[in-house]
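Examination of the molecular architecture
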Amino acid sequence: MKPGILLVVVLLSTFAQGQSAKTVDSKYVIEPTTLVSILLQKPTILNVGPKAIYAQAHVPGSEYVGMTSQPDGIKALRNRVKTLPKDKLIVLYCGCCPWDVCPNIAPAFNELKTLGFKNVRVVHMARNFGHDWVDMGFPVAK
Amino acid sequence: MTGSTWDSRLRSDPGKAGRKALLVLAALILLSVATGCKPRPNVTPSTTNKPVAPQFLLTDISGQKLDLASFRGKVVLLDFWATWCAPCRTEIPHFIEMQNRYGPQGLQIIGISLDDSIKPVLKYYAEQKMNYPVALGNDELAQAYGGVLGLPVAFLIDREGRIVWKQTGEADAAVFEKQIADALSAR
């Protein structure tokens, strides 16, 4: 492979990985069971996935923000958190598709970090919301 | 029923009992001819215990009516997908190829996009030169199909309108082809 083409491939690969949920540092990632255990504390839980999935089922108490892989979703996220204190616990989840290719978690997390939020967690949905939350028998709101 | 009761009934109306016995015998003969006398290779298992695919009438992204009922008699692959879903995008070229290859045999692929708006779907449809109808879905349709709580999800619907297979998550083209070929050859 020519060096120029190799560089383009590497750059494209790097860009693609930059959008993946797996780029979020693992110390900020929690498992669904952890979220279940803190539901009673009523943290701010924001859904950053597709509306059609949220409308079918979602984590009780969670709020729909929008797909943060898209500009409108990022804008909605900024609006939602603008009055929150920077040390507020904010939990992000999506579950639109497998974790490694989720396009929404990383942009949402990065946006909140950029805005100065210090207590952000993201929920690891390995396959999707149906498999990793609903099918596990965790609480669901509709 | 005890033997004495049976005997007494026979005795009370021997002609009626004889006719009944003949009818039972004739029914047994007919049943054996219909089901057991000849071996029947390549018999496809009955799908009558499979759920009927929920009907829908949508408008596709080109403005045409998309009525599932109008595809009765065809094998339908109903694909829930979205433009932002990477594994969905991986599958689309295979579906385009399958529509070309199996369409003449009776396959109809239908895409149900869970994008929030039509704009990215129109763009993607044109870029990929998709060759099967696509409509925007919604949570009601997804719920009707048992809930689509992650993408992609595909349902294979046989010629009688029954769901014979469901694939959750991305799968190799060969997996789809096997199921589609089986459904197309089923009679």
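Residues numbered from 1 in each chain as written. Chains lettered and ligands numbered in written order. Predicted model: local features only at pLDDT ≥ 70, side-chain atom pairs only at ≥ 80, totals over all residues.

**Overview of the overall build of chain A**
Which entries qualify depends on this criterion: Starting at the N terminus, helices and strands are each numbered in turn, a helix being any DSSP run of H or I of at least four residues and a strand any DSSP run of E of at least two. With C-beta atoms placed from the backbone, the exposure class of a residue follows from how many other C-beta atoms lie within 10 Å of its own: 20 or more, buried; 12 or fewer, exposed; in between, partly exposed. Each residue gets a C-beta atom placed from its backbone, and two residues are in contact if those atoms lie within 7 Å.
The helix and strand tally for chain A stands at six helices and five strands. Starting at the N terminus and walking to the C terminus, you meet the elements of chain A as α-β-α-β-α-β-α-β-α-β-α. Counting only residues that meet the buried cut, chain A has 40% of its 142 residues in that class. Considering only contacts within chain A whose residues lie at least 6 apart along the sequence, 70% involve residues at least 24 apart.

**Structural notes on the overall build of chain B**
Across its full length, chain B carries six helices and seven strands. Traced from its N-terminal end to its C-terminal end, chain B shows the element sequence α-α-β-β-β-α-β-α-β-α-β-β-α. Long-range contacts, defined here as pairs at least 24 residues apart, represent 72% of the contacts in chain B between residues at least 6 apart.

**Let's talk about the confidence of the model for chain B**
Residues and elements named next belong to chain B. Heads up, the condition is: pLDDT expresses how confident the predictor is about each individual residue, on a scale running from 0 to 100.
In the predicted model, chain B carries a mean pLDDT of 83, and 74% of its residues have values of at least 70. A low-confidence stretch, residues 1-14 (pLDDT under 50), is modelled with three contacts involving residues beyond four sequence positions or located in other chains. This model gives residues 27-44 a pLDDT under 50, and the stretch forms three contacts once residues within four places in sequence are excluded. Here the complex is predicted with pTM 0.79, and the ipTM for its interfaces comes to 0.82.

**Considerations on the packing of helix α4 (residues 71-81) of chain A against helix α5 (residues 105-114) of chain A**
Residue and element names in this part refer to chain A. Using the following cut-off: Note on method: axes are straight lines fitted to C-alpha atoms, helices fitted across the in-contact stretch only, with angles between N-to-C directions ranging 0 to 180 degrees. Angles are sorted into four bins: roughly parallel if under 35 degrees, roughly antiparallel if over 145, roughly perpendicular if 65 to 115, and oblique for all others. Helix crossings get a hand from a simple test, with the near helix turned counterclockwise from the far one by less than a right angle marking a left-handed crossing and a clockwise turn marking a right-handed one. Residues were grouped as follows: Ala, Val, Leu, Ile, Met, Phe, Trp, Tyr, Cys and Pro as nonpolar; Asp, Glu, Lys and Arg as charged; and all remaining residues, including Gly, as polar.
Close contact between α4 and α5 brings their axes to 10 Å; oriented N to C, the two are set at 40°. One way to sum up the angle between α4 and α5 is to call them oblique. Here α4 and α5 pass one another in a crossing that is right-handed. For the pair α4 and α5, contact is made by I74, L77 and V81 and by P107, A108, E111 and L112, respectively. Residues of the contact of α4 with α5, tallied by class, amount to six nonpolar, no polar and one charged.

**Things to note about unusual backbone geometry**
Note on backbone geometry: most residues besides glycine have negative phi, and most peptide bonds are trans. The omega torsion across B:L151 and B:P152 is -5°, close enough to zero to call that bond cis. Relative to the helices and strands, B:P152 resides in the loop between α5 (139-144) and β6 (153-157). With phi around 50°, A:K42 is a residue other than glycine that occupies positive phi space. In this structure, A:K42 sits in the loop between α2 (32-38) and β2 (44-47).

**Examining the confidence of the model for chain A**
The predicted model of chain A has a mean per-residue pLDDT of 90, with 87% of residues at 70 or higher. Of the regions scoring below 50 in pLDDT, residues 6-18 of chain A engages in three contacts with residues more than four places distant in sequence or in other chains.

**Focus: the interface of chain A and chain B**
With 21 residues of chain A at the interface, the matching set in chain B holds 17 residues. Elements with a minimum of two residues in the side of chain A that touches chain B: α3 (51-56) and α6 (129-134) of chain A. At five residues, α3(A) tops the list of elements feeding residues into the side of chain A that touches chain B. Class assignment for the residues of the side of chain A that touches chain B results in 13 nonpolar, six polar and two charged.

**Overview of the pairing of strand β4 (residues 90-93) of chain A**
In summary, the side chains of a regular strand alternate between the two faces of the sheet. Residue and element names in this part refer to chain A. So the rule is basically this: Being paired, for any two strands, means DSSP has found at least two bridges between them. A crossover counts as right-handed when, viewed with the strands pointing away from the observer, the path leading from the first strand over the helix to the second turns clockwise.
Burial along β4 is two-sided: the residues I90 and L92 and V91 and Y93 are all buried. The pairing of β2 with β4 spans four bridges and is parallel. When the bridges of β4 are listed, L46 appears paired with L92. Sheet topology places β4 next to strand β5 (residues 120-123); three bridges connect them, and they run parallel. Within β5, the residue paired with L92 across the bridge is V122. Taken together, β4, α5 and β5 form a β-α-β motif whose crossover is right-handed.

**So, the environment of B:N49**
As for its position among the elements, B:N49 is in the loop between α2 (14-35) and β1 (57-59). In sequence terms B:N49 and B:Q105 are 56 residues apart; their C-alpha atoms lie 25 Å from each other.

**Here we look at the nonpolar core**
Here is the rule we go by: What we call a nonpolar core is a set of buried Ala, Val, Leu, Ile, Met, Phe, Trp, Tyr and Cys residues whose membership is set by joining through C-beta atoms within 7 Å.
A:V48, A:L92, A:Y93, A:I105, A:F109, B:L151 and B:I180 are the most contacted members of the largest nonpolar core, which has 77 residues in total. When residues of this core are assigned to their parent elements, the largest contribution, six residues, is made by strand β3 (residues 75-81) of chain B. When residues no more than four places from it in sequence are discounted, the contact partners of A:Y93 are A:I45, A:N47, A:V59, A:V122, A:V123 and A:M125.

**Regarding the sheet that holds strand β1 (residues 29-30) of chain A**
All names here are of chain A. The strand order across the open sheet formed by five strands is β1-β5-β4-β2-β3, and the pairing between neighbours is parallel. At either end of the open sheet lies a strand with only one pairing partner, and these are β1 and β3 (63-64). Of the strands in this sheet, β4 and β5 are in contact with α5, which crosses β5 at around 175°.

**A look at α5(A)**
Helical geometry: 3.6 residues make up each α-helical turn, so side chains three or four residues apart lie on a common side. All names here are of chain A. With seven of its 10 residues buried, α5 lies for the most part within the structure. Looking at the buried residues of α5, the elements they touch are α4, β4 and β5. Trailing α5 by a residue or two, G116 shows a phi angle of about 100°, which is positive.

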